[in-house]
Structures are given as structure tokens and as C-alpha cells.
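Overview (structure and organization)
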Amino acid sequence: MPSQEGDREGDNEDRPPNYADNHAYRMSAKLSPDQRAKGEASAGLIRKELDKARKEGDLSGKRITAALAHLGCGEKHGVYIADGFYSVHTGDVCVSGHVTKEELSIEVHGAYAEPQPGTGPCVENRGGH
């Protein structure tokens with residue numbers, strides 16, 4: 001009998017047996033320790049640039065784009081910016097988060113198997129497959 005919490009996604013009794021298969025499109029790639037380390041280094045640089053924008057009080061899409069461009073991140077890096085959300089694909093990993101007056105969050109993760117169309121590889125698909 002599976003545990004109440006489940007050992008893996010889809011192990012809980014209250015989910016259909018094919019839950020994991022039906023939600024695979026929302027899964028991001030696993031990162032190796034080397035990829036995670038590179039991603040954390042990139043995240044540190046991104047945090048520094050976005051923190052400058054926060055301190056300036058300009059969190060417009062144009063300013064966030066400029067902050068990321070200062071690091072050499074552009075369209076070819078899967079940069080996506082919308083409503084305080086940003087994501088960048090470094091070639092190895094994704095660095096995504098939110099930047100608002102109140103907070104700056106950063107997450108390092110793998111690219112999505114089926115990302116949200118039109119957003120680059122780092123934005124979780126909101127729909128179905």
C-alpha cells in the first residue's frame with residue numbers, strides 16, 4: 001500500500017494511476033550537480049542586476065530586459081518577461097522568478113519538456129498536452 005504522502009508524484013491513492021504520465025508535460029529536466037552549480041552562479045549574477053532595478057524603482061519590462069541584456073541574455077537565451085515574472089535559459093539550466101517592489105525570487109531548474117508556447121523553454125505549460 002502506498003504511503004499517505006506518496007514517494008513519487010502519482011503514488012497517492014487519490015490520484016488516477018496515469019496521473020504522472022498525463023502531467024509529464026509540466027515536468028522540468030533534472031539537473032546534475034554541475035548544472036546546478038552553474039545555474040546558481042548565473043542566478044547570483046541575475047539577482048545582482050535585478051536588485052539594481054528594484055533599488056532604482058523601475059520594474060518595467062523594458063528595465064528588466066535591459067538588466068538581463070547587461071549580462072548578455074537576450075532572445076537567443078529564451079528570455080521571457082511578463083507581469084513581474086522573468087525566465088532565462090543559460091544553455092544548461094533555467095533561472096526564473098518574480099521581481100516586484102516587495103520581493104525578488106530566483107529559482108534554478110531544468111527546462112520544461114513542453115513549455116508554455118511562445119515563452120521559451122523555462123516557463124511551465126499552463127495547459128494540457
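First, a word on scope: everything that follows refers to the structure included in this document. On a predicted model such as this, the values are computed, not experimentally measured, just so you know.

1. A look at the state of the cysteines
Counting across every chain of the model gives 1 disulfide. There is a disulfide in this structure between cysteine 94 and cysteine 122, and the S-S distance comes to 2.1 Å. Given an S-S torsion of about -80°, the disulfide between cysteine 94 and cysteine 122 has left-handed geometry. Note that cysteine 94 is positioned in strand β3 (residues 94-98) and cysteine 122 in the segment after β4 (107-109), a separation of 28 residues in sequence. Considered together, cysteine 94 and cysteine 122 belong to a single accessibility category, that of buried residues.

2. What about the environment of alanine 29?
Note that alanine 29 resides in the loop between α1 (19-22) and α2 (33-56). Counting along the chain gives 81 residues from alanine 29 to glycine 110, while the straight-line C-alpha distance between them is 4.3 Å. Not counting residues within four places of it along the chain, the set of residues in contact with alanine 29 comprises Gly110 and Ala111.

3. With respect to the pairing of strand β2 (residues 85-89)
Regular strands show a simple pattern: their side chains alternate between the two faces of the sheet. Judged by how many residues are buried, β2 sits mostly within the fold: 5 of 5 residues are covered. Judged by which residues are buried, β2 turns out to be covered on both faces: Phe85, Ser87 and His89 on one side and Tyr86 and Val88 on the other are all buried. Alignment of strand β1 (residues 80-82) against β2, held across 3 bridges, turns out to be antiparallel. Following the sheet pairing, tyrosine 80 is matched in β2 by serine 87. What sits between the antiparallel neighbours β1 and β2 is a turn of 2 residues, in which aspartate 83 has the positive phi angle 50°.

4. Notes on the nonpolar core
Counting residues in each nonpolar core, the largest one holds 15 residues, and the members touching the most others are Ile46, Leu50, Ile64, Leu68, Tyr86, Val95 and Val99. Within the residue set of this core, elements represented by two or more residues are α2, α3 (61-70) and β2. For this core, the element with the highest residue contribution is α2, accounting for 4 residues. Among all residues touching isoleucine 46, those that are not within four sequence positions of it are Leu68, Leu71, Tyr86, Val88, Val95 and Ile106.

Calculation rules
Residues numbered from 1 in each chain as written. Predicted model: local features only at pLDDT ≥ 70, side-chain atom pairs only at ≥ 80, totals over all residues. Heavy atoms only, no water. Disulfide = S-S within 2.5 Å. Helix = DSSP H or I, 4+ residues; strand = E, 2+ residues; numbered from the N terminus. Buried < 20%, exposed > 50% of the residue type's maximum accessible area, 1.4 Å probe, protein only. Contact = heavy atoms within 4.5 Å. Pairing = 2+ DSSP bridges. Core = buried A, V, L, I, M, F, W, Y, C linked by side-chain atoms within 4.5 Å.

Function cannot be inferred from these measures alone, as they are strictly geometric.
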